[in-house]
Amino acid sequence: HSEQGVISFNSFNSYCAVIEKPVLNDDALYGLAGEIVKAIDPFTESDRVAVLSNLLAVFGNLIGRQAHFRVESTQHYMNLFVVQVGDTSKGRKGTAWSTPKKIFKSIDQQWLENRVTSGLSSGEGLIYAVRDQRIETQAINKNERVVQYHDVITDHGVADKRLLVVEEEFA
């Protein structure tokens, strides 16, 4: 208890804390991704961390699970899961996506049109977007007797398993 009221450490809404924004060390901006962020920075309101994380996540999704690097015997792919947190309508999270989106559109427009989505509302929707082909065995009847079975494709599924989900609002 405090003189102003109860401070609960179990509820985000009642926990009053000041969290300082971390500062990105310039060493993080190396290589091509760093050069792109540096080139964009003077012309954007977006945070450099947001632009960098978008570039890396988009690149990893675009190249898929072919490229990897090894740490001992484990393959590590470039798939990143990113959530950007900032003030609603002032955080420029959508702006941080606009330039990487434009860059990668010029690289692979088909990927952008077919494998980038938004508006998922459930895990089932995510699974449906990357589903495998479904084959069912059906009976062939002759004179009301099963004479043979054959496989029928009931859902062609999705051949390209790459999927980049961009949700402007996350809750």
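Everything quoted here is computed from the prediction, not taken from an experiment. (Residues numbered from 1 in each chain as written. Predicted model: local features only at pLDDT ≥ 70, side-chain atom pairs only at ≥ 80, totals over all residues. Heavy atoms only, no water.)

Draft legend 1. Looking closely at the packing of helix 1 (residues 31-40) against helix 2 (residues 48-63). Where helix 1 meets helix 2, the axes come as close as 10 Å, and the angle between the chain directions of the two elements is 140°. As far as their axial angle goes, helix 2 and helix 1 are oblique. As helix 1 runs across helix 2, the sense of the crossing is right-handed. Between helix 1 and helix 2, the residues in contact are A33, I36, V37 and I40 and R48, V51, L52, L55 and L56, respectively. (Axes fitted to C-alpha atoms, helices over the stretch in contact; angles between N-to-C directions. Helix = DSSP H or I, 4+ residues; strand = E, 2+ residues; numbered from the N terminus. Parallel < 35°, antiparallel > 145°, perpendicular 65-115°, else oblique. Left-handed = near helix turned anticlockwise from the far one by under 90°. Contact = heavy atoms within 4.5 Å.)

Draft legend 2. The arrangement of helix 3 (residues 93-107) in detail. Between the first and last C-alpha of helix 3 there are 22 Å, a value that for 15 residues agrees with the 21 Å anticipated at 1.5 Å per step. For helix 3, the complete set of buried residues consists of A96, W97, P100 and F104. In this structure, the buried residues of helix 3 make contact with helix 2, helix 4 (109-115), strand 3 (116-117) and strand 6 (164-165). (Expected span 1.5 Å × (residues − 1). Buried < 20%, exposed > 50% of the residue type's maximum accessible area, 1.4 Å probe, protein only.)

Draft legend 3. Representation of helix 1. Along helix 1, the positions that sit buried rather than exposed are A33, G34, V37 and I40. The buried residues of helix 1 occupy one face: seen down the axis, they fall within an arc of 130°. Where the residues of helix 1 are buried, they touch helix 2 and helix 3. (Arc of directions from axis to C-beta.)

Draft legend 4. The pairing of strand 1 (residues 68-71), seen in detail. Both strand 1 and strand 2 (residues 74-77) contribute to a ladder of 4 bridges, which runs antiparallel. Residue pairing across strands places R70 opposite Q75, the latter belonging to strand 2. Hairpin connection, strand 1 to strand 2: the antiparallel pair is bridged by 2 residues, and E72 has positive phi, about 55°. (Pairing = 2+ DSSP bridges.)

Draft legend 5. Structural context of a nonpolar patch on the surface. Where nonpolar side chains cluster on the molecular surface, the patch consists of L56, L80 and V82 and spans about 210 Å² of accessible area. If you trace the backbone, L80 turns up in the loop between strand 2 and helix 3. (Patch = residues over 30% accessible without salt bridge, like charges linked within 9 Å, V, L, I, M, F, W, Y side chains within 5 Å. Areas by Shrake-Rupley, 256 points an atom, 1.4 Å probe, with all protein chains shown as cover. Salt bridge = Lys/Arg side-chain N within 4 Å of Asp/Glu carboxyl O.)

Draft legend 6. Up close: the nonpolar core. Formed by 18 residues in total, the largest nonpolar core has its most connected members in W111, V116 and L164. Among the elements of the structure, helix 1, helix 2, helix 3 and helix 4 are those that each provide at least two residues to this core. A total of 6 residues in this core trace back to one element, the largest contributor, which is helix 2. Residues within four places of W111 in sequence aside, it is in contact with V58, N61, L62, F104, V116, R162 and L164. (Core = buried A, V, L, I, M, F, W, Y, C linked by side-chain atoms within 4.5 Å.)

Draft legend 7. Examining the pattern of salt bridges more closely. Counted under the stated rule, the structure contains 6 salt bridges. The shortest N-O distance in the salt bridge between R48 and D26 comes to 3.1 Å. Linking R48 in helix 2 with D26 in the segment before helix 1, this pair joins segments that are 22 residues apart in sequence. Accessibility expressed as a relative area gives 22% for R48, which makes it partly exposed. Here E35 makes a salt bridge to K38, at a shortest N to O gap of 3.9 Å. Residue E35 and its partner K38 are both found in helix 1; the two are separated by 3 residues, about one turn of the helix.

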